[in-house]
Amino acid sequence: MSAAQSAVHAVDAQPYEPVFTGDTLAELEQRFAEYPTRQALLLPALWMVQERRGWISEPAISEVATVLGLTPAYVKGVVTFYTMYHTHPVGRHFIQVCTTSPCGLCGAEDTVKALLEHTGCGEAGTTSPDGRFTVVEVECLGACGFATPVMVGDDFIESVTPDKVPDLLARYP
Amino acid sequence: MGFPHPSHAGETVVLSKYFGDAGARTHAGWVERGGYEGLRKALGMAPEAIIEDMKASGLRGRGGAGFPTGLKWSFMPKGDGKPHYLVCNADESEPGTFKDREIMRWTPHALIEGCAIGAYAIGAERCYIYIRGEFTEPWTIMSEAVREAYAAGTLGDNAMGSGKTIHITLHRGAGAYICGEETALMNSIEGRRGNPRIKPPFPAAAGLFGMPTTINNVETLAAVPHILVRGAEWYKSLSRGNPKSTGTKLISVCGHVQRPGNYEVTLGTPMKDLLYDMCGGMRPGRTLKAVIPGGSSVPIMTAEEAESALLDYEGLIEKGSMLGSAGMIVMDDSADMVYQIMRLARFYAHESCAQCTQCREGTAWTTRILERILSGKGKESDFDLLLDLADNMTGTTICVLSDSCAAPVVSGIRKFRGEFEAYIRRERAPVLALA
Ligand SMILES: Cc1cc2nc3c(=O)[nH]c(=O)nc-3n(C[C@H](O)[C@H](O)[C@H](O)COP(=O)(O)O)c2cc1C
Ligand code: SF4
Ligand code: FES
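None of these values were measured; they are calculated from a predicted model.

Draft legend 1. Examining the interface of chain A and chain B more closely. Taken together, the 42 residues of chain A in the interface contact 57 residues of chain B. Between chain A and chain B lies a buried interface of about 3,800 Å² when both sides are counted; carbon and sulfur atoms form 57% of it. A per-residue breakdown of the area chain A buries against chain B is headed by A:Phe81, A:Leu105 and A:Glu139, which together make up 19% of the total. Counting across the chain A and chain B interface gives 4 salt bridges. Two residues, A:Glu51 and B:Arg172, come together in a salt bridge whose shortest N-O distance is 4.0 Å. The tally of links between chain A and chain B comes to 22 residue pairs in polar contact (both at pLDDT 80 or more). Counting residues per element, the side of chain A that touches chain B draws most heavily on helix H3 (residues 42-53) of chain A, which supplies 5 residues. Tallied by class, residues from the side of chain A that touches chain B come to 24 nonpolar, 11 polar and 7 charged.

Next up, the structure:
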């Protein structure tokens with residue numbers, strides 16, 4: 001078993017602590033009033049899991065299914081459709097960088113290179129050895145006039161050029 | 001205004017008047033600037049009268065298809081006793097398009113006001129605003145604005161003291177371009193995978209949760225209060241080209257121009273004025289090569305076509321393209337058209353929901369063939385293969401994502417064939433290494 005696999009295994013082996021208890025459950029239940037079905041809370045519930053746990057594990061999928069009256073297989077089918085839900089643990093800071101044509105025309109590839117180099121990720125789609133960063137290339141972030149947009153976690157940063165990368169990363173210890 | 005740049009004299013500033021003015025973000029700030037007058041007026045009118053105003057104004061959908069808004073609203077059944085829904089499409093993911101983001105960031109109450117008027121006009125007590133997951137800052141600003149609107153009594157069970165019920169719920173997407181397609185978006189709100197639905201039934205008959213639904217783009221709804229306050233005649237008079245294209249339009253300009261940004265122009269404004277006066281033209285020493293005027297899903301225009309086009313629905317069709325979402329991607333003579341078209345095809349292949357064979361296979365094969373050409377392994381027969389694929393991908397699928405992938409390929413081959421040939425005939429060095 002590789003180190004990466006055993007790390008994932010170790011995470012899975014920990015006892016699962018439910019997300020939807022106390023205030024979190026109350027927050028979800030409050031939102032039921034805004035929709036005619038419980039199922040409509042699926043995307044919001046998955047966001048609530050990811051905000052609290054960083055990613056969406058198999059036990060979390062089962063928990064969401066139970067809370068909303070769905071099956072785990074169904075929930076998994078939905079989770080995997082959407083690219084922003086993480087089905088594996090990711091680095092402490094999740095970095096998304098746009099590489100679609102309009103940004104590509106304005107140098108996105110150089111920004112990607114700088115991000116990979118300065119984070120130590122080496123390759124897009126991977127996590128740095130210290131677990132600090134994960135860098136992924138994504139499609140259009142809806143800010144094409146501000147090439148190249150980069151998201152670090154929930155922060156949206158416009159006009160990132162390679163020279164700005166070191167200072168940007170320094171803000172995320 | 002040409003946000004983030006100061007307003008240019010060639011613009012007609014209506015929706016973008018307060019871009020950059022953080023004071024306009026609060027409920028009080030919005031009211032000070034004349035906000036919520038449109039909603040107040042609407043709540044004193046019969047819903048049918050509002051719909052008539054929209055029809056008379058000539059307002060058309062700003063999300064891509066340009067469908068007349070008043071007509072769309074009039075399709076909603078009356079007296080059917082079912083709950084109706086208004087959905088606002090804030091998924092903005094079409095490459096080249098970044099206008100709805102600025103509307104939400106700077107004038108969240110303009111959108112709330114437009115949604116409230118729309119909901120009342122179509123007999124809906126609830127509006128869902130579906131905001132793409134990556135728009136974290138617009139989400140925060142919109143959330144605060146909705147909270148304020150409830151606190152001020154503008155929204156709720158007695159909206160502005162009218163006795164009418166108007167609720168707004170924000171719903172966050174989670175990364176999927178296809179969720180901008182209206183029926184995929186409805187599935188997404190319902191807690192499903194974002195697969196587009198087969199039409200009919202159309203949303204006005206059976207949309208969100210199976211109920212009569214109207215879906216409109218952010219910019220469409222943000223224009224509604226202005227029409228109510230200043231009148232349909234005023235809106236209709238904003239037209240420099242074809243009388244069927246009225247009002248102002250935010251044009252997002254990106255790529256190789258000196259000043260990328262959002263420019264608000266009266267429909268029918270010459271594209272030349274936008275490109276060279278407002279956006280400052282190309283970078284020094286560069287010349288215009290191509291423009292994709294309506295977001296990445298519309299046919300590519302040559303420099304000559306672009307320079308002679310009028311920016312409105314009819315003007316761009318006349319030049320073989322479309323206004324679409326008005327996300328304008330500008331390329332100068334340094335752009336490699338084959339590479340850019342491959343990159344667009346790769347986008348569609350990545351975003352295909354994979355329900356339809358022609359789309360799932362077509363987008364993937366198109367990308368692969370273009371990658372092969374760029375790696376120096378192309379063949380003359382690839383032209384026929386690409387055009388044949390494109391033909392099979394057009395008009396044959398559940399939604400038009402498939403057609404959108406074909407559009408730049410077909411127009412690209414027709415207009416820039418020489419660039420493809422240069423790779424195929426090994427006159428140009430490969431830029432991709434294929435495994
Ligand atoms: C693949 C695809 C993606 C779309 N993405 C968007 C989008 O991000 N935003 C949007 O407003 N409309 C989008 N549309 C258009 C919508 O389906 C719909 O026509 C529009 O929201 C209607 O609003 P309007 O009449 O106000 O323009 C998309 C359509 C397709 C086929
Ligand atoms: S055309 Fe493509 S994106 Fe649209 S429904 Fe079919 S497979 Fe999905
Ligand atoms: S193409 Fe990069 S943000 Fe749109």
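Draft legend 2. Representation of the site of ligand 1. Residues and elements named next belong to chain B. Looking at ligand 1, there are 18 residues lining it, with Gly 63, Lys 72, Asn 216, Asn 217 and Thr 220 nearest. The contact in question runs from an oxygen atom of ligand 1 to an N or O atom on the side chain of Asn 217, over 2.7 Å. With the chains in place, 90% of the 620 Å² that ligand 1 exposes on its own is no longer accessible. The element contributing the most residues to the shell around ligand 1 is strand E4 (residues 213-217), with 3 residues. Of the residues that constitute the shell around ligand 1, the class distribution is 4 nonpolar, 8 polar and 6 charged.

Draft legend 3. Seen up close, the packing of helix H5 (residues 99-106) of chain B against helix H7 (residues 136-151) of chain B. All names here are of chain B. Between H5 and H7, the least distance of the axes is 8 Å, while the angle of their chain directions is 35°. Judged by the twist between their axes, the crossing of H5 over H7 is left-handed. Touching Arg 101, Met 104 and Arg 105 of H5 are Glu 137, Pro 138, Ile 141 and Met 142, all from H7. Taken together, the residues of the contact of H5 with H7 sort by class into 4 nonpolar, no polar and 3 charged.

Draft legend 4. The side chain of B:Glu314, seen in detail. Along the polypeptide, B:Glu314 turns up in helix H13 (residues 313-318). Within the local environment of B:Glu314, its side chain forms a polar contact with the side chain of B:Arg60, the two groups lying 3.0 Å apart.

Draft legend 5. Expanded view of helix H9 (residues 218-230) of chain B. Residue and element names in this part refer to chain B. Extensive coverage of H9 is indicated by the burial of 11 of its 13 residues. Among the residues making up H9, those that are buried are Val 218, Glu 219, Thr 220, Leu 221, Ala 222, Ala 223, Val 224, Pro 225, His 226, Ile 227 and Leu 228. By the N-cap criterion, in which a side-chain oxygen at the helix start approaches the backbone nitrogen of a residue two or three places on, H9 is capped by Asn 217, the distance to Glu 219 being 2.8 Å. Among the residues trailing H9, Gly 231 stands out with phi positive, at a value near 100°.

Draft legend 6. A look at unusual backbone geometry. Residue and element names in this part refer to chain B. Omega for the bond connecting Lys 199 with Pro 200 falls within 30 degrees of zero, at -5°, which places this linkage in the cis form. By the element assignment, Pro 200 lies in the loop between helix H8 (182-189) and E4. Note the cis peptide between Pro 200 and Pro 201, where omega equals 5°. For Pro 201, the location among the structural elements is in the loop between H8 and E4. In this structure, Ala 326 is a non-glycine residue whose phi angle is positive, near 60°.

About the cut-offs
- Residues numbered from 1 in each chain as written.
- Chains lettered and ligands numbered in written order.
- Predicted model: local features only at pLDDT ≥ 70, side-chain atom pairs only at ≥ 80, totals over all residues.
- Heavy atoms only, no water.
- Contact = heavy atoms within 4.5 Å.
- Buried area = accessible area lost by both parts, 1.4 Å probe.
- Salt bridge = Lys/Arg side-chain N within 4 Å of Asp/Glu carboxyl O.
- Polar contact = N/O pair within 3.5 Å; in protein donor to acceptor, adjacent residues only side chain to side chain.
- Helix = DSSP H or I, 4+ residues; strand = E, 2+ residues; numbered from the N terminus.
- Nonpolar A, V, L, I, M, F, W, Y, C, P; charged D, E, K, R; others polar.
- Near = heavy atom within 4 Å.
- Areas by Shrake-Rupley, 256 points an atom, 1.4 Å probe, with all protein chains shown as cover.
- Axes fitted to C-alpha atoms, helices over the stretch in contact; angles between N-to-C directions.
- Left-handed = near helix turned anticlockwise from the far one by under 90°.
- Buried < 20%, exposed > 50% of the residue type's maximum accessible area, 1.4 Å probe, protein only.

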